[in-house]
Number of protein chains: 2
Amino acid sequence: MKTRDKIIREAKRQLNEQGFDRVSIRSIADAVGISPGNLTYHFKNVDTIVYELYMELVEALSASIQEFQPHKLSTQWFYEQTVKNYRVMWDYRFLLLDFVTVTRKNRQVKDHFRQLVAMRQLQFRMFADQMIANGIMQEERVAGLYDRFIIQTIIFSDAWLSDALVHFDEFGDRMFHFYADLMVSGLVPFLTEKGLEEYRGWKASKNDPPFRGYPSILGKM
Amino acid sequence: MKTRDKIIREAKRQLNEQGFDRVSIRSIADAVGISPGNLTYHFKNVDTIVYELYMELVEALSASIQEFQPHKLSTQWFYEQTVKNYRVMWDYRFLLLDFVTVTRKNRQVKDHFRQLVAMRQLQFRMFADQMIANGIMQEERVAGLYDRFIIQTIIFSDAWLSDALVHFDEFGDRMFHFYADLMVSGLVPFLTEKGLEEYRGWKASKNDPPFRGYPSILGKM
């Protein structure tokens, strides 16, 4: 593995496990087994590494949008994409957990992210239009409703991880599925009878227990 | 003002402006003009003050639920309550911004918050049932959908502030209204024709420009 890749991989591990405050050029260099001077030959400072990791995350999440095929759109497809994306986000959790801090320190990330969200809004709008064309999503009942729904969905996608760290005691599959289920259920009120039929059939096949809220509370009530 | 109140007020100011890392018993004591020893007579450590501030926030937000009157329920009422609550949350923004850190350091806050969310879920469910009884909200089309919608709403309410710090350049009225509008629009797909009529009338009276997404991006496109 190239030194550059080792640095990135080690920085991600430390940032996820220890948070920003405890990660420095020195702590990364020590773990990789190089001198701080050698490290700064590759990356000027920790912020530069954070930007690199942010771009890695963005690319990984973009992959699933590129795979998009119009005829495949269904609640099941969204669910599976969401679980996949949430696993990727978990792998870069320090970014989602401290995103306000990251964007405060790093103007490049903030500007990039704002433009990314604007682009996502258009892409998701395209999904919605395609689902309307496929007859699984209703025409908009109130002007502007779908654009608002899309922004809510984007906010939810950035927020689930922090929420999970407060409400879950164990982090893993169950958590990804809990939030993907919530995410997809946001689509349900907009489905046509045809879309609802697919949703109900898929739900029935999964045989989930009835939804009651967060598992952490249920165990104690 | 009592010393105890001065301490709380100064701690909140410092926490909001500087974040956890820079606030200590000493920095608060210095600003209040007492000795650290005198301060610890009132509060053992910063975590104890944080717990106190958390409880203040919870009480302030509970007030609007206590004021609830069944016949008043409307999208307009929800909007006005939401703007009011978001202002209160802004006043304690350090808590929402770093809530994962707070709950990691403070088991008392985490346990209290989990139970609070469980209670909110029941209260919001009561709102929904009342709105169904008033004929402004539809019966649930899919079992469990309203409970999921309620959890989404709670996640949104905890997440808007972090989102605002990334997407807004100026913090104030416009921001509170932007997120309250998003929050309330989550209700729209569940409204009956009667509910929708009230929503449309209220929206028309406000005469908002069409929704396009975050204002920060619009200025640059």
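Chain A appears in an unreviewed UniProt entry as HTH tetR-type domain-containing protein from Flavilitoribacter nigricans.

Per the secondary structure count, chain A includes twelve helices and zero strands. Starting at the N terminus, the α and β elements of chain A follow one another as α-α-α-α-α-α-α-α-α-α-α-α. Along the first, second and third principal axes, the C-alpha set of chain A runs to 65 × 40 × 30 Å. The 221 residues of chain A split such that 55% are buried. Excluding contacts between residues fewer than 6 apart, the proportion of contacts in chain A whose partners are at least 24 apart in sequence is 70%. Of the accessible surface of chain A, which amounts to about 10500 Å², a share of 51% is contributed by carbon and sulfur atoms. Looking at chain A, you have 29 positive and 28 negative side-chain charges, and the mean spots of the two groups are 3 Å apart.

Residue and element names in this part refer to chain B. Within the element layout of this structure, N106 appears in the loop between α7 (99–105) and α8 (107–133). Judged by its relative accessible area of 8%, N106 falls in the buried class. Polar side-chain contacts of N106 include one of 3.4 Å to the backbone oxygen of D47. Residues in contact with N106, not counting those within four places in the same chain, are D47 and Y51.

One copy of the chain maps onto the other through a rotation about an axis plus a displacement along that axis. Expressed as a screw operation, the relation of chain A to chain B combines 0.0 Å of axial shift with a rotation of 180 degrees, fitting to an RMSD of 0.0 Å. Classification of the inter-copy transformation places it as that of a two-fold axis.

Taken residue by residue, the interface counts 58 residues in chain A and 59 residues in chain B. Note on chain A versus chain B: buried area summed over both sides is about 4800 Å², and carbon and sulfur give 60% of it. When the buried surface of chain A facing chain B is broken down by residue, A:R114, A:R141 and A:R148 rank first, second and third, together holding 17% of it. In this assembly, chain A and chain B are joined by six salt bridges. Here B:E193 and A:R141 are joined by a salt bridge, their closest N and O atoms 3.5 Å apart. Along the contact surface separating chain A from chain B lie 14 residue pairs in polar contact (both at pLDDT 80 or more). A per-element tally of the side of chain A that touches chain B places helix α9 (residues 145–167) of chain A first, with 13 residues. Partitioning the side of chain A that touches chain B into residue classes produces 27 nonpolar, 13 polar and 18 charged.

With that settled, consider the nonpolar core. In this structure, A:W160, A:Y179, B:W160 and B:Y179 are the most contacted members of the largest nonpolar core, which totals 162 residues. A:Y179 has contacts with A:Y86, A:F156, A:W160, A:D163, A:A164, A:H167, A:F168, A:Y214 and B:I155, leaving out every residue within four places of it along the chain.

Moving on, we get to the domain arrangement of chain A. Residues and elements named next belong to chain A. In terms of domains, chain A is made up of domain 1 (1–44) and domain 2 (52–218). One C-alpha centre belongs to domain 1, the other to domain 2; they are set 31 Å apart. The partner domain 2 presents ten residues to the seven residues of domain 1 that form the contact. Between domain 1 and domain 2, roughly 880 Å² of surface is buried when both sides are summed, and carbon and sulfur atoms account for 63% of that area. The largest per-residue losses of area from domain 1 upon contact with domain 2 belong to K12, N16 and F20, which jointly make up 64% of the total buried on that side. Linking domain 1 to domain 2 there are two salt bridges. Across the pair R4 and E52 runs a salt bridge, and its minimum N-O distance is 2.4 Å. At the surface where domain 1 touches domain 2, the tally comes to five residue pairs in polar contact (both at pLDDT 80 or more). In terms of residue class, the side of domain 1 that touches domain 2 is built from four nonpolar, one polar and two charged.

Criteria and thresholds
- Residues numbered from 1 in each chain as written.
- Chains lettered and ligands numbered in written order.
- Predicted model: local features only at pLDDT ≥ 70, side-chain atom pairs only at ≥ 80, totals over all residues.
- Heavy atoms only, no water.
- Helix = DSSP H or I, 4+ residues; strand = E, 2+ residues; numbered from the N terminus.
- Buried < 20%, exposed > 50% of the residue type's maximum accessible area, 1.4 Å probe, protein only.
- Contact = heavy atoms within 4.5 Å.
- Areas by Shrake-Rupley, 256 points an atom, 1.4 Å probe, with all protein chains shown as cover.
- Lys, Arg positive; Asp, Glu negative; His and termini not counted.
- Charge placed at Lys NZ, Arg CZ, Asp CG, Glu CD.
- Polar contact = N/O pair within 3.5 Å; in protein donor to acceptor, adjacent residues only side chain to side chain.
- Least-squares fit on C-alpha atoms with pLDDT ≥ 70 in both.
- Buried area = accessible area lost by both parts, 1.4 Å probe.
- Salt bridge = Lys/Arg side-chain N within 4 Å of Asp/Glu carboxyl O.
- Nonpolar A, V, L, I, M, F, W, Y, C, P; charged D, E, K, R; others polar.
- Core = buried A, V, L, I, M, F, W, Y, C linked by side-chain atoms within 4.5 Å.
- Domains from an automatic or database assignment.

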